[in-house]
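Architecture at a glance
Chain by chain, the residues:
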Amino acid sequence: MKTLFNLMHLDFISIKNKSLPAFIVGIILVTTISIVLVPHAAASMPFLAMGFMSPMSITAEKNGYNRLYGILPVSRKQVVYARFAEAFILCLVAALIGIAIGSISVALGLYSHLIPGLDKIVLVIDTFISEGLTPAYATSIFFLTACFSFAVLYFIDFIFGVEKEGPATLIIMFGLCLIIAFLILVVGIDFAEIINNFIESTSRTTMAIILYLLGMILIAISAVITSSIMNKREL
Amino acid sequence: MNNILEIKDLCKSYDSFKLDNVSFSLPRGYIMGFIGQNGSGKTTTIRTILNMAFIDSGTITVSGLDSVRDANKISQKIGVVFDSTYFALHLKAGDIERQLKPFYDSWDTAKFYSYLTKFSLPTNKPISEFSKGMKMKFMAAIALSHDAELIILDEPTSGLDPVARDELLEILLDYVSDENHSVLFSTHITQDVERIADYVTVLDSGKVWYTGTKDELMNDFVILRLGNNEITDEIAQKSLNIVRHETHCDALIRQKDIPIKSGNFVYEKASLDEMLVLIARKGEKR
């Protein structure tokens, strides 16, 4: 566990100069928009986490970190797990910040009242909130999306390299679409209906918890697959 | 003798290259020059020592620890200097120190900064602004700051100017003055090996051509200059390599193997450079 934290610390120092200023500006911006305009804007915090971590793979690859990992007392598995863990932790922290800011914004009730002529927006926001689509709930959707993106991108970056990230992402996403299309058209599974029924029969809180767990599971599965492949590779 | 590094029957195959039963050992407290032409297998051997490349068969032990089973423990005992950096170049020396320090049980921050001062390395500039010599010295400072018992250098002097090369070699000599420290020094600049190495291992096409003391290698082998029609069966048999030129032949041979009736033969001591050339051009007609 100590080694994982050391690796996360190493990564953080590697990218903090590049990412931290933009991350802080992003948080201030999203917070302002959330308080002043739309509370649900706070839900996008996990995407800021993605922005923060985005230079990591390219920094590692460009600077020959494989050789650094080769001389440090760490295993290949630990390198992979640390990278996925830091992505997950950052997404989670960003989501918690998003929930807090969104909730504060709703509690304060200042949104869209500060700017005259936005009554329609206020009405939509209030309807969302009354139906349970709170900023906290919206954050769980963004959290799942960010986790899914990390799960796919880190797998690609480790296995194929950053240079092939674009084409590899396209191929993987196309593959996923084909599988879903196969399930819908050939097997006859109606995903839309299943999801609708599930959402209607599940409380918003339960749904949010499921989305958080799903995000965690996606990252965990990707980390296990990636590490099992990387463990057989030379540095 | 107490060996810091022992490699026994190391085999490692790639599609177009293989290490073939590589065996050698480095006694504690000495510097070994690890030489051979490009592609002879030096870097692959070093990568297997560091467990960066997987071995097919054979064993590697560092300070009695197995290179695969005890890889993490070995990493604590080894300092490495590659031919190019492995840090984020936009970082400063202090950032990199903070990155690496937590990984090593015996990391000494004061020692690290004392090396930076000793090597005249600035702490307020990113590594990208360092010259190649400064980068090498910076890697050496890191390798020396966690009380490593063995420093491994892979072509560290390639591309360095003579002053920077000299400084790096001085650092290594200073490091082994404590008899507990050892150095494995891979290079194709044989003058560096002639200057600082106690032991030499010569690799040729993935095989160990020679391993032993430098003095023995330098004293034992000579280049026999012969006319093209003077090569007898005995000389051909005993020569390690013969290179045929238009007008004469050069035969690399142990001094003791020179035929007794060779009064007319001219021979001279071979430098490591000449040996490498003769090894590489075995049987070649020039």
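What counts, and where the lines are drawn
- Residues numbered from 1 in each chain as written.
- Chains lettered and ligands numbered in written order.
- Predicted model: local features only at pLDDT ≥ 70, side-chain atom pairs only at ≥ 80, totals over all residues.
- Heavy atoms only, no water.
- Contact = heavy atoms within 4.5 Å.
- Buried area = accessible area lost by both parts, 1.4 Å probe.
- Salt bridge = Lys/Arg side-chain N within 4 Å of Asp/Glu carboxyl O.
- Helix = DSSP H or I, 4+ residues; strand = E, 2+ residues; numbered from the N terminus.
- Nonpolar A, V, L, I, M, F, W, Y, C, P; charged D, E, K, R; others polar.
- Buried < 20%, exposed > 50% of the residue type's maximum accessible area, 1.4 Å probe, protein only.
- Pairing = 2+ DSSP bridges.
- Axes fitted to C-alpha atoms, helices over the stretch in contact; angles between N-to-C directions.
- Polar contact = N/O pair within 3.5 Å; in protein donor to acceptor, adjacent residues only side chain to side chain.

**Some remarks on the interface of chain A and chain B**
On the side of chain B, 29 residues touch chain A, which itself brings 31 residues to the contact. Here chain A packs against chain B, burying approximately 2,500 Å² in sum over the two surfaces, 54% of which is carbon and sulfur. The interface formed by chain A and chain B holds three salt bridges in total. Two residues, Glu234(A) and Arg47(B), come together in a salt bridge whose shortest N-O distance is 3.5 Å. When residues of the side of chain A that touches chain B are traced back to their parent elements, those giving at least two are helix H1 (2-36), helix H4 (65-71) and helix H5 (76-108) of chain A. The residue makeup of the side of chain A that touches chain B, split by class, is 10 nonpolar, 13 polar and eight charged.

**Observations concerning the environment of Phe150(A)**
Residue and element names in this part refer to chain A. Considering the arrangement of structural elements, one finds phenylalanine 150 in helix H7 (residues 135-159). Assessed through its relative accessible area of 4%, phenylalanine 150 is described here as buried. Sequence separation between phenylalanine 150 and phenylalanine 88 is 62 residues; the distance between their C-alpha atoms is 8.3 Å. Those residues in contact with phenylalanine 150 that lie beyond four places of it in its chain are Ala49, Met50, Met53, Phe84, Ala87, Cys91, Phe155 and Ile219.

**A word on the sheet that holds strand E2 (residues 18-27) of chain B**
All names here are of chain B. One open sheet holds the four strands; their spatial order is E2-E1-E4-E5, and the pairing between them is antiparallel. Across the chains shown, the open sheet's two edge strands, defined by having one partner strand only, are E2 and strand E5 (65-66). Where strand E1 (residues 3-13) meets E2, seven bridges bridge the pair, whose relative direction is antiparallel. Opposite isoleucine 7, over in E2, you have phenylalanine 24 as the bridge partner. Of the strands in this sheet, E1, E2 and strand E4 (57-62) touch helix H1 (residues 42-49), which is tilted by about 115° from E1.

**Regarding the side chain of Gln99(B)**
Within the fold, Gln99(B) resides in helix H3 (residues 93-100). From its side chain, Gln99(B) meets the backbone oxygen of Leu10(A) in a polar contact 2.8 Å long. Non-local contacts of Gln99(B), meaning those with residues more than four positions away in its chain, are made with Leu10(A), Ile13(A), Ser14(A), Tyr65(A) and Leu91(B).

Everything listed here is a matter of coordinates, which is why it stays silent on function.
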